[in-house]
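Residues per chain are reported as follows:
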Amino acid sequence: MLGLGADRLRADMNRLLALLFHQGVLDEQFLQLQQLQDESSPNFVSEVVNIYFHEMDREFSDYKKMGIHLNQFMGSSSSIGAKRVRNVCVAFRAASEQNNRAGCLRALELLEHEYCYLKNKLHELFQIEQQRALAAGVRYPMQN
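So, a few notes on the structure that sits alongside this text. Here the structure is a predicted model, which is why all the values come from computation and not from measurement.

Definitions and cut-offs
Residues numbered from 1 in each chain as written. Predicted model: local features only at pLDDT ≥ 70, side-chain atom pairs only at ≥ 80, totals over all residues. Heavy atoms only, no water. Core = buried A, V, L, I, M, F, W, Y, C linked by side-chain atoms within 4.5 Å. Buried < 20%, exposed > 50% of the residue type's maximum accessible area, 1.4 Å probe, protein only. Helix = DSSP H or I, 4+ residues; strand = E, 2+ residues; numbered from the N terminus. Contact = heavy atoms within 4.5 Å. Phe/Tyr/Trp six-rings, centres within 6.5 Å; stacked < 30°, edge-to-face > 60°.

1. Quick word on the nonpolar core
With 39 residues, the main nonpolar core has Val49, Tyr52, Phe73, Leu111, Leu118 and Leu122 as its most contacted residues. Elements represented by at least two residues in this core include exactly α1 (2–22), α2 (28–35), α3 (44–60), α4 (66–80), α5 (83–97) and α6 (101–135). Of all the elements, α6 adds the most residues to this core, at 12 residues. Aside from chain neighbours lying at most four places away, what touches leucine 118 is Val25, Leu26, Tyr52, Phe53, Ile80, Ala82 and Val85.

2. Examining the packing of aromatic side chains
Each pair of aromatic rings is reported with the distance of its centres and the angle of its planes. The full count for this structure, using the stated rule, is four aromatic pairs. Seen from their ring centres, phenylalanine 53 and tyrosine 115 are 5.7 Å apart, and the 75° between their planes marks the pair as edge-to-face. Of the two residues, phenylalanine 53 sits in helix α3 while tyrosine 115 sits in helix α6, which places them 62 residues apart along the sequence. Across this residue pair, the class does not change: phenylalanine 53 and tyrosine 115 are buried. Among the aromatic side chains, those forming a connected cluster through ring pairs are Tyr52, Phe53, Phe73 and Tyr115.

Keep in mind that these numbers describe shape and distance, not what the molecule does.
Following this line, the structure appears as structure tokens:
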């Protein structure tokens, strides 16, 4: 019975990941990050992503310095495979370099939207992953 629940949850995870790749939310860098996870570090991906979210939440809290941190945000997004967030950062930087205030405001709004969508979907993915692990009889520490 436990195996069937774990199989269903694994299928749910795969469907969610397929959706995020199809939508262009994630790219192959996320797969490479997943390949680094193993039994010795079963929470590696969620830990790396949680560090990313913690750092980016801090950067987002200070809109006045957003331009200064844009390159860091873009690089960090690339490193976890957050394709759509990275692409919006590129557009934001281009608008900034052109002194396009309206373009910067649109990019900022879109960046907030894409970031929140990514955060919610990856949180959902990690919750399913924890449920799958529990159904399979593996215990992982709970994430924040």
